[in-house]
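Architecture and fold: a report
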Amino acid sequence: MPTSSSSSSSFSSAASSSGNRQADVFSRLASSDPEVKLKALREVKNQIIGNRTKKLSFLKLGAVPAIASALSDSECNSILVQSAAALGSFACGFEAGVQAVLDAGVFPLLLRLLTSSDEKVVDAGARSLRMIFQSNQAPKYDFLQEKNMKFLFSLLNSENENVSGLGASIIAHACGTTVQQQVLCDAGVLEKLVILLDGSLSQREACLESLATVLKNNPEAVSRFVGLEAGRYLSSVTELTKDRYPRTRLLSCLCLVVIYNTSPSYFLNMGTKSSLVTTLLELLNDHGQSGDDAALGLSSLIAEKEDLQKLAYEANAIKNIVDILKTGSELHPKRLQGLFLSLAELCSKLEDCRCSFLSLEMLDLLVNALRHKNADVRTAACICFRNAARSVKNLSAGRFTNDHVMLPLVQLLHDPSSSVEVAVLGALSNIVLDFSSPKSTFIEYGGIKQLIELSKSMDPNARCSALRALRNLMFLADNKRKELFYSEVKAQGFVSLISDPEPTVQEQALALLRNLVDGCINSIEFVFDEDGLILDTVGKQLRKSPQAHMAIQGMYVLTNVASGTELHKEAVMQQLFPQPQAESNNFMLKFLQSHESQLRSATVWTIINLISPSSPGAHDRHVKLRDEGIIPQLKNMVNDACLDVKIRIRTVLSQSMSFGDN
Amino acid sequence: MSLFRIFINQDDDDDDMATSKKVITREEWEKKLNAVKLRKQDMNTLVMNFLVTEGYVDAAAKFQTESATKPEIDLATITDRMAVKKAVQNGHVEDAIEKVNDLNPEILDTNPELFFHLQQQRLIELIRQGKTEEALEFAQEELAPRGEENQAFLQELEKTVALLVFEDASNSPVKDLLDISHRLKTASEVNAAILTSQSHEKDPKLPSLLKMLIWAQNQLDEKAVYPHINDLSTGQLQDPPE
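Computed from a predicted structure; not experimentally measured.

Rules and cut-offs
- Residues numbered from 1 in each chain as written.
- Chains lettered and ligands numbered in written order.
- Predicted model: local features only at pLDDT ≥ 70, side-chain atom pairs only at ≥ 80, totals over all residues.
- Heavy atoms only, no water.
- Helix = DSSP H or I, 4+ residues; strand = E, 2+ residues; numbered from the N terminus.
- Rg over C-alpha atoms; globule rule 2.2 N^0.38 Å.
- Buried < 20%, exposed > 50% of the residue type's maximum accessible area, 1.4 Å probe, protein only.
- Contact = heavy atoms within 4.5 Å.
- Areas by Shrake-Rupley, 256 points an atom, 1.4 Å probe, with all protein chains shown as cover.
- Salt bridge = Lys/Arg side-chain N within 4 Å of Asp/Glu carboxyl O.
- UniProt positions renumbered as here; feature names shortened; annotations may be inferred.
- Buried area = accessible area lost by both parts, 1.4 Å probe.
- Core = buried A, V, L, I, M, F, W, Y, C linked by side-chain atoms within 4.5 Å.
- Arc of directions from axis to C-beta.

For chain B, the helix and strand inventory stands at 12 helices and 4 strands. For 242 residues, the compact-globule estimate of 2.2 N^0.38 gives 18 Å, and the C-alpha radius of gyration of chain B, at 25 Å, exceeds that figure by more than 25%. Dimensions of chain B along its principal axes, counting C-alpha atoms only, are 75 × 50 × 30 Å. Within the span of chain B, comprising 242 residues, buried residues form 38% of the whole. Expressed as a percentage of contacts within chain B between residues at least 6 apart in sequence, the contacts between residues at least 24 apart total 55%. For chain B, the accessible area works out to roughly 14700 Å², and carbon and sulfur atoms hold 52% of it.

Let's shift gears to the environment of A:Leu407. Relative to the assigned elements, A:Leu407 resides in helix H26 (residues 403-411). Taking the relative accessible area as the measure of exposure, A:Leu407 reaches 33% and is therefore partly exposed.

Turning our attention to the environment of A:Ala172. Residue and element names in this part refer to chain A. In this fold, Ala-172 is placed in helix H10 (residues 161-174). In this structure, the C-alpha to C-alpha distance between Ala-172 and Leu-653, residues 481 residues apart in sequence, is 65 Å. Setting aside chain neighbours within four positions, we find Ala-172 in contact with Glu-209, Ser-210 and Thr-213.

So, on to the pattern of salt bridges. Side chains that carry opposite charge are capable of pairing whenever their charged atoms lie near each other. For the structure on display, the rule yields 38 salt bridges over all chains. A:Asp644 is the salt-bridge partner of A:Arg648, the closest N and O atoms lying 3.1 Å from each other. Taken together, the positions of A:Arg648 and A:Asp644, both in helix H40 (residues 643-658) and 4 residues apart, correspond to about one turn of that helix. The salt bridge partner of B:Glu66 is B:Lys62, with a shortest N-O separation of 3.1 Å. Linking B:Glu66 with B:Lys62, this pair stays in helix H4 (residues 57-67), spanning 4 residues, or about one helical turn. Taken together, the salt bridges that share partners define one network made up of A:Arg21, A:Lys54, B:Glu137, B:Glu141 and B:Glu142.

A separate point is the UniProt feature "domain: CTLH" (unreviewed entry) in chain B. Under the feature "domain: CTLH" (unreviewed entry), the UniProt entry names residues 77-134 of chain B. In the segment residues 77-134 of chain B, helix accounts for 83% and strand for 0%; the C-alpha atoms at its two ends are 34 Å apart.

It is common to give the size of an interface as the accessible area lost on bringing the parts into contact. Counting from both sides, the interface comprises 30 residues of chain B and, opposite them, 35 residues of chain A. Of the roughly 2600 Å² buried at the junction of chain B and chain A (both faces included), carbon and sulfur atoms supply 45%. The largest contributions to the chain B side of the interface with chain A come from B:Glu106, B:Asp109 and B:Glu137, which together make up 21% of the buried area. Here chain B and chain A share 10 salt bridges between them.

Once that is clear, we can look at the nonpolar core. Among the nonpolar cores identified, the biggest contains 223 residues, and A:Phe225 and A:Phe357 are the most heavily contacted of them. Not counting chain neighbours up to four residues away, the residues in contact with A:Phe357 comprise A:Ile318, A:Val322, A:Leu343, A:Cys347, A:Met362, A:Leu366, A:Cys384 and A:Ala388. Counting 18 residues, the second-largest nonpolar core is a separate cluster that includes B:Val84, B:Ala87, B:Val88 and B:Ile97.

Residues and elements named next belong to chain A. Every buried residue belonging to helix H6 (residues 95-103) is among Gly-97, Val-98, Ala-100 and Val-101, and all of these are buried. With its buried residues spanning 165° around the axis, H6 presents them on a single face. Where the residues of H6 are buried, they touch helix H3 (52-61), helix H4 (63-73), helix H5 (77-91), helix H7 (106-113) and helix H8 (119-133). A positive phi of about 75° marks Gly-105, the residue just after H6.

What follows is the structure in structure tokens.
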């Protein structure tokens, strides 16, 4: 860097003199004298390597197109090397740089360099291309084209480690679909990649990354890989989890996680599972990118797997993760997301984990994460809350229902990101199940209105989650709460919810209704509002041959209504057997013959309530049911496979007998 | 792999450890050692590994000629690496950076900690030369942005800039930064990064073997009395005490 000749000591002059220097170098790039040009290229390259700020400022000056011209116009090897290296540096870990480099048409120019006779030129070209392929903006490589496949294999076969590494990188970042994986495997890519495992460090790492991409969620590819030389390469990858370089350990672990998630049968050995968990836990402490990736890898590994969650818990995972979160230094959002997701997975099924986690004074940290500027972090924190709130002990201790926690959660109901919305609804669904406190902070914060708003969202997931939260809110709720809720929805609102185009949303709406009419007899009156509009809609939906899960909730609504007064029971009969009706439309019979035991059970409960002997009209209703073939059908089900159904049927039949069997 | 087996007397009195240890005379010891077979090849490889990792290019080249031992990496790359190391050791950091970038432009682009330490060393050299204004400008332009990107860097930067505050920096609490040993530390860091990028192990094997020897002797001391190697540089056996 040229020395400053100015004698002024103010900082503003420092800034402008550096700006001048940059402009000066930039102008020399365009020089027609190759010596001057070469020197300028080297200067730019040396200024930007490692220095993001300089990359940005040179970018703004328009350095990239200038260097691209140097690359395309020159025959001189030194100029090719320096310009390729400079462009590679712009693309290294700097998305704006990748964009600029691609926009300047550099890609084909770099490809040309790979066929040079000068080894240094080839190296420079290969390295820079590899930088581009680390980014999501890299051109989509079409593996399905014959000539592309040929080119790819020529890269993989190269002696030059930068070139073969480039081949592996292209696979790692461009292979996404099953079809692509298949095409690559059929062309023999696995056999080529595993050779790189015995190569240099960068080849090994590129190989591991690309293996993970090719094997992901593809059992055929996995079995092919494991079959190579009778499992030798699977052992190699397992060995590499103990390598001296952290990045190698990480990439091999991630590869094993992919294989485990795709085909767990290759991991019957507890020891391997255990060491995979502990290696990932150790890698969490790495300060660089490896630590970030390790966190996400761990969450992916233990997701839905109780045995691995237990292993992790016993290996002190919770304390380790919490310690990292408490270090106070600014953690990369990817790492935060991974750590919170891992904690969430740990708390998903194991009560010990939840109690352990909550005892570590973590709530403040978690609440702060709810306000993080990155949506993925907010989502992960919500999922963490949701799973931790599964702990009844801690929930009833009021840990989640105080203002400190409740307010930020409620605020997230307005979050611009839909994944955050769905996640916070999940958390609230669990938290509102706190029965220990008579008043609810959630309701005080206007939670009901917000949930009703969200039940009308464009996103079906949000609608479903909002209704689930409302359903839980209405569970065993007192009349005051039910009135408050109903006044915001009204009959017409309910009709829209129950008639939602998505079956999953309909199911939640019916379940909500079920909880609403449950409890004291007055609650049943809701369905009779506006001339029985809601009850009619329920009947209509049930007659439409709904899916089992929806039908179950619908029948339970009828069950609850039928537990009321004489008028209520008659109204249910109306829905079951509307006046002018074709015989074949008897949905009750269909439900009784369903494969879903819960549906059979719910239907029988309705019948029990309809003919419970204490009410005056029971006898007539019994006659009707018998004439419609319902009672005879029940007699056929005396030995139903499901114990619960069997018992309820016995109840009905004994009620039936009390009317005199004719 | 153990060189020998020791059988401890089962019915020894625990109070007196000295008498329960097996005694091995010098003669017995040397006899056992002579029974161990080593390959010349292995020793040559060990020597070559040491020369190559430490960067003694000429010695390595000569040794290759004389012993027909193949060096594990291209000797030309050692020359480049040694040039970088030397540049840092002599305080010519900018030159070192240029050389590293010629060798492999990825190293500094993917090693933010190393890059920061090199820039920091540059700052130290400017301060050492008394170029205060230039140092401040450099700190402002090159190092401050790095500090913004990373908390840990910021602290180290503040420490370094503190050198400018003191009249006599060489007697200040941060004087260690001016010490030659700091240059050596930075040089070593660069050397290791280059070796790693070339997939070469950054430490030679010889020191590990010697450490293993000392550890093994310490372990054995609890069970036996035998001739020690006390001076690693000579490897001479010393008789066990009577």
